[in-house]
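Chain by chain, the residues:
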Amino acid sequence: MTSVITRSTNSTLHHIKRCWSATLIGSKQCYIRPSVLPQSVVRVRNSVVHVCPFGTKFSVMGKPKVVFVLGPPGSGKGTQCEKIVKEFGYTHLSAGDLLREERNREGSEFGALIEDNIKNGRIVPVEITCALLENAMNKTIEATGNDRFLIDGFPRNEDNLQGWTKKMADKVEQQFVLFFECSEQQCTERCLKRGESSGRSDDNAESLKKRFNTYINDTVAIIKHYEELQLVKKIDASAGPDAVFEHVKAIFGEQK
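Residues numbered from 1 in each chain as written. Predicted model: local features only at pLDDT ≥ 70, side-chain atom pairs only at ≥ 80, totals over all residues. Heavy atoms only, no water.

Visitor: Help me understand the pattern of salt bridges in this model?
Guide: Side-chain pairs of opposite charge can arise where the charged atoms are in close proximity. All chains considered together, the criterion is met by 17 salt bridges. Put simply, Asp116 and Arg122 hold a salt bridge, and the shortest N to O gap is 2.3 Å. Judged by relative accessible area, which is 36%, Arg122 ranks as partly exposed. Salt-bridge contacts for Glu246 lead to Lys249; the nearest nitrogen and oxygen are separated by 3.3 Å. Of this pair, Glu246 and Lys249 both sit in helix H9 (residues 241-253), 3 residues apart, which is roughly one turn of that helix. (Salt bridge = Lys/Arg side-chain N within 4 Å of Asp/Glu carboxyl O. Buried < 20%, exposed > 50% of the residue type's maximum accessible area, 1.4 Å probe, protein only. Helix = DSSP H or I, 4+ residues; strand = E, 2+ residues; numbered from the N terminus.)

Visitor: What am I meant to see in the UniProt feature "binding site: a ribonucleoside 5'-phosphate" (unreviewed entry) in the protein chain here?
Guide: The UniProt feature table records "binding site: a ribonucleoside 5'-phosphate" (unreviewed entry) at Arg100, Arg122, Ile123, Val124, Gly153, Phe154, Pro155, Arg156, Arg200 and Arg211. Those residues in contact with Arg100 that lie beyond four places of it in its chain are Ile118, Arg200 and Asp202. Relative to the assigned elements, Val124 resides in the loop between helix H4 (111-119) and helix H5 (126-144). Given the relative accessible area of 4%, Val124 is considered buried. In contact with Val124, other than residues within four places in its own chain, are Leu99, Ile114, Asn117, Thr129 and Asn160. (UniProt positions renumbered as here; feature names shortened; annotations may be inferred. Contact = heavy atoms within 4.5 Å.)

Visitor: Honestly, the sheet that holds strand S8 (residues 148-152) in this entry has me stumped. Any pointers?
Guide: Backbone hydrogen bonds hold the strands of a sheet together, and the pairing may be parallel or antiparallel. Read across the open sheet, the 5 strands follow the order S7-S8-S6-S9-S10; overall the sheet is parallel. In this open sheet, the two edge strands, each paired with only one partner strand, are strand S7 (91-94) and strand S10 (232-236). The sheet shows a mean angle of 25° between the axes of neighbouring strands, direction not considered. Sheet strands touched by H5: strand S6 (65-70), S7 and S8. Its angle to S8, the strand with the most contacts, is close to 150°. Contacts from H9 reach S6, S8, strand S9 (173-181) and S10, with the element oriented near 160° to S9. (Pairing = 2+ DSSP bridges. Axes fitted to C-alpha atoms, helices over the stretch in contact; angles between N-to-C directions.)

Visitor: What's the story with the packing of helix H7 (residues 184-198) against helix H8 (residues 205-228) in this structure? I'm lost.
Guide: Between two packed helices, the angle of one axis relative to the other and the distance separating the axes together describe the packing. Following both chains from N to C, one finds H7 and H8 inclined at 140°, their axes separated by 11 Å at the closest point. If you check the angle between H7 and H8, you find them oblique. Relative to H8, H7 is oriented so that their crossing is right-handed. Mapping the contact onto sequence places Glu184, Cys187, Thr188, Cys191, Leu192 and Arg194 in H7 and Ala205, Leu208, Lys209, Arg211, Phe212 and Ile216 in H8. The class makeup of the residues in the contact of H7 with H8 is 7 nonpolar, 1 polar and 4 charged. (Parallel < 35°, antiparallel > 145°, perpendicular 65-115°, else oblique. Left-handed = near helix turned anticlockwise from the far one by under 90°. Nonpolar A, V, L, I, M, F, W, Y, C, P; charged D, E, K, R; others polar.)

Visitor: Would you take a moment to explain the environment of Thr165 for this structure?
Guide: Among the secondary structure elements, Thr165 is positioned in helix H6 (residues 158-167). For Thr165, a relative accessible area of 42% gives the class partly exposed. Of the polar contacts made by the side chain of Thr165, one reaches the backbone oxygen of Leu161; its length is 2.8 Å. (Polar contact = N/O pair within 3.5 Å; in protein donor to acceptor, adjacent residues only side chain to side chain.)

Visitor: When you look at the packing of helix H3 (residues 95-104) against H4 in this model, what are you seeing that I'm missing?
Guide: Following both chains from N to C, one finds H3 and H4 inclined at 135°, their axes separated by 8 Å at the closest point. Taken together, the axes of H3 and H4 are oblique relative to one another. For the crossing formed where H3 meets H4, the hand is left-handed. For the pair H3 and H4, contact is made by Leu99, Arg100, Glu102 and Arg103 and by Gly111, Ile114, Glu115 and Ile118, respectively. Each residue belonging to the contact of H3 with H4 can be placed in one class, and the counts come to 3 nonpolar, 1 polar and 4 charged.

Right under this line is the structure:
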């Protein structure tokens, strides 16, 4: 029976190209080099991403537990994720942070594409985001053994959902979706205040308007989809961080 171990490189996207197949022959374990493994190809605009079709180490180590964290920009997702990490031991993966890191990585072939999408409030192609998330989970499991993840700000539209379902749904255990509900006015005020020190290119009035349009037009439908599956845990995020976290703790305290 064949298993695949993902080996990380300096490029967060190249992990999906470098897979080793470990095959048991009698009592010995033999390794087949990547060059002899068939690869499928996914096209992202004018670039090509090679995807190892056999899966990843997830199939060897068991399925990681995943909680999606959704809500409008400025609803406090990042702040609450930090508290959840400290209280319940999850690893926080921010889709936006991973994309910004890849954008800033020297030599990234996707940097300009990511920046253009982020600056204009659009959603980055799902193939890139899924590859970054999968690689981050692999690295965390390998380094710490922790298999519980908060995925913050993903999936944000139908394309994200379909891409995740196709590539990752069978590899993880979806626990639930944590949804922070907050008004546009309050979220905008929070983001503008954050923008005074964050240095983020999207924490400004023009980008925020576009981000809210994207949220309303695309992400709300994803939340409704998970509501139909009875997977959404809704939180009123209009209060202060500590008050909001009291409700969050009650939800996570129910999990095994």
